[in-house]
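Residues per chain are reported as follows:
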Amino acid sequence: MNIRLVLGLGFSVLGLLLYVVGIATTAWLSTAGVEQGLWQLCVLVPARACAWYDISTLVAFNHACRFFALVGALLLIPGVVLGILYAVKQGFTDKVYMKKTAGGLIIAAGACGFLTAAIYTGYFQANYIGAVPYGYSFYLTWVQTLFTVGGGVVCLTA
């Protein structure tokens, strides 16, 4: 088995976990007692209470972030599955297009995650007075970019 392919898939699976946790949790912005995510707003004091956003009241940056987050997830999951299938069946089939397709999907998903975080960053840097209180979900989405794009490149070149 190709060790570089296994390494690339390992990075990609780690990137997938970071991606899912990053886009699903509510800590994109975290201030005193309030957390804001892509899908919900949570008030933490005195008890945690969360409410879904009304889609008709969201501004354009929210729609763009949500779009790229979903497209990235929809690209990353089949990319990782296709890469794992190629690695497992490598002795039975030498279909190089499976490996290249998996690497391309993983890289595209990492780029979508990057765009999600970049749009979010750009909006709040331009419209927030003072230091922006980013939370762990925001940082997980940035870190997943390194793992997914890196893992995709390693899969592609393995």
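These notes cover the structure that comes with them. (Residues numbered from 1 in each chain as written. Predicted model: local features only at pLDDT ≥ 70, side-chain atom pairs only at ≥ 80, totals over all residues. Heavy atoms only, no water.)

## Some points on the packing of helix α1 (residues 3-24) against helix α2 (residues 60-88)
Next, step 1: Direction vectors running N to C along α1 and α2 enclose 150 degrees, while the axes themselves pass 10 Å from each other. With respect to α2, the axis of α1 lies roughly antiparallel. Here α1 runs over α2; the crossing is left-handed. Of the residues in α2, those in contact with Leu-5, Leu-9, Ser-12, Val-13, Gly-15, Leu-16, Tyr-19 and Ile-23 of α1 are Phe-68, Ala-69, Gly-72, Ala-73, Leu-76, Ile-77, Val-80, Gly-83, Ile-84, Tyr-86 and Ala-87. (Axes fitted to C-alpha atoms, helices over the stretch in contact; angles between N-to-C directions. Helix = DSSP H or I, 4+ residues; strand = E, 2+ residues; numbered from the N terminus. Parallel < 35°, antiparallel > 145°, perpendicular 65-115°, else oblique. Left-handed = near helix turned anticlockwise from the far one by under 90°. Contact = heavy atoms within 4.5 Å.)

## Here we look at a nonpolar patch on the surface
Next, step 1: Residues Val-13, Leu-14, Leu-17, Ile-84 and Val-88 make up a contiguous nonpolar surface patch of roughly 410 Å² in combined accessible area.
Next, step 2: The set of elements that each furnish at least two residues to the nonpolar patch consists of α1 and α2.
Next, step 3: Here the nonpolar patch takes three residues from α1, the largest share from any one element.
Next, step 4: Inspection of the secondary structure assignment puts Ile-84 in helix α2.
Next, step 5: Taking relative accessible area as the criterion, Ile-84 reaches 38% and is therefore assigned partly exposed. (Patch = residues over 30% accessible without salt bridge, like charges linked within 9 Å, V, L, I, M, F, W, Y side chains within 5 Å. Areas by Shrake-Rupley, 256 points an atom, 1.4 Å probe, with all protein chains shown as cover. Salt bridge = Lys/Arg side-chain N within 4 Å of Asp/Glu carboxyl O. Buried < 20%, exposed > 50% of the residue type's maximum accessible area, 1.4 Å probe, protein only.)

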